[in-house]
Amino acid sequence: MKIAVLSRNKRLYSTQRLVEAAEARGHVVQVVDVLRCYMNITSHRPTIHYKGDKLEGFDAVIPRIGASVTFYGTAVVRQFEMMNVFPLNESVAITRSRDKLRSLQLLARKGIGLPVTGFAHNPDDLDDLIGTVGGAPLVIKLLEGTQGIGVVLAETKKAAESVIQAFMGMKANIMIQEFIKEAGGSDLRCFVVGGRVVATMKRQGPEGEFRSNLHRGGTASLVRLTPEERSTAVRAARIMGLDVCGVDMLRSNHGPVVMEVNSSPGLEGIEKASGKDVAGLIIQYIEKRVGELKDSTSRSKTRGQG
Ligand code: ADP
Ligand code: MG
């Protein structure tokens, strides 16, 4: 197969591992910086140009699109889709997953356990908003935040009110959430590929920190999921429509609650903590899907001739 990896930096661990795994299985791989792609949109022959050449003959594209380039990045993925290239994660699913409120609403609708969550644009009654998530302590999150930046624990109602007012004064979009204290500063990352949890890790924040993000000094270790946690991760991935994703959940007193579903989950932490060749599993999944697609198109062609 010929595979494009959409990534802004060849040297990133995840990008390198995907290239290595694909080449080890005999595929040809090109790393493509999405921001350097330019395209034409026509109904007969949509094309993508890159550094003066046409990108042609690809069987699959692996989007590794950073949050800051979601808009242009998903447009490039969509262009590959128009050219009948198999996308590992469709553009619509990536867009969906990048909107935290939309994701939580979709998951809630299908009965996935979530922390009790509230959101508001400019509430007249802060008291009532805070009451909807059960009062302090509570967690306040910037919708645009990643890597734990923009996630604040307000221990008292007074603190919650002033932080919410400060964020609103800056016109930032926020949500507030029940604080799952019993998680003890840890969360679970479940790595899902093609409807299966292929690797998991438990992340633990440093002493005194409720955020477990590895970027905030958290450490990762091996963990065994309960059947309920496993099925929650698989269902969350299916609801979001993602082939590959990282489902993050907290162990609460009322069962697993999903915090977010990440459509470009990093490989470094999970491969090192779990000892699994996640990149290899991703490439095998692409082989399977591309094979199925080829079978079905060749079948429909034969039918058309008959
Ligand atoms: P980001 O997208 O910045 O990673 P998250 O929503 O994943 O934001 O929150 C970062 C971390 O904060 C989580 O990994 C978790 O450890 C902790 N956390 C987030 N929400 C809650 C909550 N409601 N209760 C307890 N801990 C939380
Ligand atoms: Mg997170």
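Cut-off values and rules
- Residues numbered from 1 in each chain as written.
- Chains lettered and ligands numbered in written order.
- Predicted model: local features only at pLDDT ≥ 70, side-chain atom pairs only at ≥ 80, totals over all residues.
- Heavy atoms only, no water.
- Buried < 20%, exposed > 50% of the residue type's maximum accessible area, 1.4 Å probe, protein only.
- Helix = DSSP H or I, 4+ residues; strand = E, 2+ residues; numbered from the N terminus.
- Arc of directions from axis to C-beta.
- Contact = heavy atoms within 4.5 Å.
- Core = buried A, V, L, I, M, F, W, Y, C linked by side-chain atoms within 4.5 Å.
- Domains from an automatic or database assignment.
- Near = heavy atom within 4 Å.
- Polar contact = N/O pair within 3.5 Å; in protein donor to acceptor, adjacent residues only side chain to side chain.
- Nonpolar A, V, L, I, M, F, W, Y, C, P; charged D, E, K, R; others polar.
- Disulfide = S-S within 2.5 Å.
- Pairing = 2+ DSSP bridges.
- Axes fitted to C-alpha atoms, helices over the stretch in contact; angles between N-to-C directions.

Caption draft 1: Inspection of helix α3 (residues 91-98) at higher detail. Looking at α3, one finds that the buried residues are Ser-91, Ala-93, Ile-94 and Ser-97. Projection of α3 onto a plane perpendicular to its axis shows the buried side chains occupying an angular sector of 165 degrees, all on one side. The inward-facing, buried residues of α3 contact β6 (60-63), α2 (70-82), α4 (100-109), α7 (227-240) and β16 (255-262).

Caption draft 2: Region of interest: the nonpolar core. Within the largest apolar cluster, 28 residues are counted, with the highest numbers of intra-cluster contacts made by Ile-62, Leu-88, Phe-191, Val-278, Ile-282 and Ile-286. Taken together, the elements giving at least two residues each to this core come down to β1 (2-6), α1 (13-24), β2 (28-32), β6, β12 (186-193), β13 (196-204), α8 (268-274) and α9 (278-305). Composition of this core by domain shows at least three residues from each of domain 1 (2-87 + 282-305) and domain 3 (182-275). Residues in contact with Ile-62, not counting those within four places in the same chain, are Ile-3, Ala-4, Val-5, Leu-6, Leu-18, Leu-88, Ile-283 and Ile-286.

Caption draft 3: Spotlight on the site of ligand 1. The local shell around ligand 1 holds 20 residues, among which Lys-141, Gly-148, Glu-178, Ser-212 and Glu-260 are the closest. At 3.0 Å, a side-chain N or O of Lys-100 approaches an oxygen atom of ligand 1. Contact distances for ligand 1 include 3.4 Å between an oxygen atom and a backbone N or O atom of Phe-210. Secondary structure elements with two or more residues in the shell around ligand 1: β9 (138-142), β11 (174-178) and β16. When the residues that make up the shell around ligand 1 are grouped by side-chain class, the tally is seven nonpolar, seven polar and six charged.

Caption draft 4: Region of the structure containing the state of the cysteines. As enumerated under the stated definition, the model contains zero disulfides in all. Unpaired in this structure, Cys-190 has its nearest cysteine sulfur neighbour in Cys-245, at a distance of 9.3 Å. In this structure Cys-190 comes out as buried when scored by relative accessible area, which is 0%.

Caption draft 5: Representation of the sheet that holds β13. Strands sit in the order β14-β13-β12-β15-β16 across an open sheet of five strands; the sheet is antiparallel. At either end of the open sheet lies a strand with only one pairing partner, and these are β14 (219-221) and β16. Strand-to-strand twist in this sheet, taken as the mean axis angle between neighbours without regard to direction, amounts to 30 degrees. By the bridge criterion, six bridges tie β12 to strand β15 (residues 244-252) in an arrangement that is antiparallel. Bridge pairing in β15 links Val-192 to Cys-245.

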